[in-house]
Amino acid sequence: MAVLEVLHYPDLGLRKKAVPIETVDESCLILAKDMLQTMYEYNGIGLASTQVNVHKRLVVIDLSEDKNEAIYLINPEILSSEGTKESQEGCLSLPEYYDTVIRAERITYRFQDLEGKVIKSEADGLLSVCIQHEIDHLDGKLFIDYLSPMKRRRLRKKLEKQEKQEKQEKHQAKIL
Ligand code: GNR
Ligand code: NI
């Protein structure tokens, strides 16, 4: 198992659309296990392959306290959704930024498990939100895409400032 590198916004890899997995094989299993370890390492509750720069439709989720209830979703799709709710979200690709977005309250979804079996299920609460967030990643979408232009602009400025500061610090380290 390995901890993979997680892409950070505004990396353009996060904007790629992942392709369906045609056959669920050994390589799929290895990727799933590595993604799970990566997600645990960074204390996330979900991770999409897009975030580790692999563009195949694979998601891992674990909402448990003890990190022992992993869910693997291959080719996940939302079939229908009901209601709306406010959701307080964070993302491993946007460290230390949290904001509220509107999501569907309840979803019916379909996916394949690690044996390739097609499963249909329903979710509400945090699982519903997490599945929506992860499928968005597979489609090159981030939760900040739902924010108002003003909020997005503020966030971009903050990140630009951070980046500038980090560069400055690196420079300082070199000349000292
Ligand atoms: O760890 C995560 N927490 C979270 C909280 C609310 C809604 C979605 C999420 S997913 C996120 C991990 C992540 O970035 N997955 O793509
Ligand atoms: Ni995310």
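Everything here concerns the structure above.
What counts and what doesn't
- Residues numbered from 1 in each chain as written.
- Chains lettered and ligands numbered in written order.
- Predicted model: local features only at pLDDT ≥ 70, side-chain atom pairs only at ≥ 80, totals over all residues.
- Heavy atoms only, no water.
- 1 Å grid on protein atoms, 1.4 Å probe; cavity = no way out; pocket = protein on both sides within 12 Å on 5 of 7 lines; lining within 4 Å.
- Points joined across faces, edges and corners; volume = space filled by probe spheres on them.
- Nonpolar A, V, L, I, M, F, W, Y, C, P; charged D, E, K, R; others polar.
- Near = heavy atom within 4 Å.
- Polar contact = N/O pair within 3.5 Å; in protein donor to acceptor, adjacent residues only side chain to side chain.
- Areas by Shrake-Rupley, 256 points an atom, 1.4 Å probe, with all protein chains shown as cover.
- Sits in = over half its atoms within 2 Å of the grid points.
- Helix = DSSP H or I, 4+ residues; strand = E, 2+ residues; numbered from the N terminus.
- Donors = N, O, S within 2.8 Å, 3.2 Å for Na, K, Ca; no water.
- Buried < 20%, exposed > 50% of the residue type's maximum accessible area, 1.4 Å probe, protein only.
- Expected span 1.5 Å × (residues − 1).
- Contact = heavy atoms within 4.5 Å.
- Core = buried A, V, L, I, M, F, W, Y, C linked by side-chain atoms within 4.5 Å.

Draft legend 1. Seen up close, empty space enclosed by the protein. The full count for this structure, using the stated rule, is one cavity of 30 Å³ or more. Looking at the largest cavity, its volume works out to about 40 Å³. Residues belonging to the lining of the largest cavity are distributed by class as follows: five nonpolar, one polar and two charged.

Draft legend 2. Looking closely at the site of ligand 1. With respect to spatial proximity, 13 residues lie near ligand 1, and among them Ile-45, Gln-51, Leu-92, Glu-134 and His-137 are the closest. Contact distances for ligand 1 include 3.2 Å between an oxygen atom and a side-chain N or O atom of His-133. His-137 is positioned with one of its side-chain polar atoms (N or O) 2.9 Å from an oxygen atom of ligand 1. Protein chains bury 90% of the 380 Å² of accessible surface belonging to ligand 1 in isolation. Spatially, ligand 1 is embedded in the largest pocket. Where the shell around ligand 1 is concerned, the elements lending two or more residues are β3 (71–89) and α2 (125–138). When residues of the shell around ligand 1 are assigned to their parent elements, the largest contribution, four residues, is made by α2. For the shell around ligand 1, the residue count by class is four nonpolar, seven polar and two charged.

Draft legend 3. How the structure looks around the coordination of the nickel ion (ligand 2). All of the protein donors around the nickel ion (ligand 2) are Cys-91 (SG), His-133 (NE2) and His-137 (NE2); their distances to the metal are 2.1 to 2.3 Å. Donor residues for the nickel ion (ligand 2) sit on one chain with the sequence pattern C-x41-H-x3-H. With Cys-91 in the loop between β3 and β4 (99–112) and His-133 in helix α2, this pair connects stretches of sequence that are 42 residues apart. An identical accessibility class is assigned to Cys-91 and His-133; each is buried.

Draft legend 4. Up close: α2. The terminal C-alpha atoms of α2, which comprises 14 residues, lie 21 Å apart, in line with the 20 Å expected from a rise of 1.5 Å per residue. With twelve of its 14 residues buried, α2 lies for the most part within the structure. Those residues of α2 lying buried are Leu-127, Ser-128, Val-129, Cys-130, Ile-131, Gln-132, His-133, Glu-134, Ile-135, Asp-136, His-137 and Leu-138. The inward-facing, buried residues of α2 abut β1 (46–48), β2 (58–61), β3, β4 and β5 (118–123). Looking one or two places after α2, you find Gly-140, whose phi comes out positive at around 80°.

Draft legend 5. Up close: the nonpolar core. Formed by 15 residues in total, the largest nonpolar core has its most connected members in Ile-61, Leu-73, Tyr-109 and Ile-131. Secondary-structure elements contributing two or more residues to this core are β2, β4 and α2. Top element by residues in this core is α2. It accounts for five residues. Non-local contacts of Tyr-109, meaning those with residues more than four positions away in its chain, are made with Leu-73, Glu-77, Ile-78, Leu-79, Ile-119, Lys-120, Ser-121, Glu-122, Ala-123, Leu-127 and Ile-131. In terms of nonpolar packing, the next biggest core, distinct from the first, is built from 14 residues, Met-35, Val-52, Leu-58 and Val-60 among them.

Draft legend 6. Quick peek at unusual backbone geometry. Note the cis peptide between Tyr-9 and Pro-10, where omega equals 10°. Its location among the elements puts Pro-10 in the segment before α1 (26–41). Of note in the backbone geometry, Asn-53 takes a positive phi value of approximately 65° without being a glycine. What makes Asn-53 partly exposed here is its relative accessible area of 42%. Even without glycine at this site, Lys-67 takes up a positive phi of about 55°. By the secondary structure assignment, Lys-67 is in the loop between β2 and β3.

Note that all results are geometric; they support no functional claim without further evidence.
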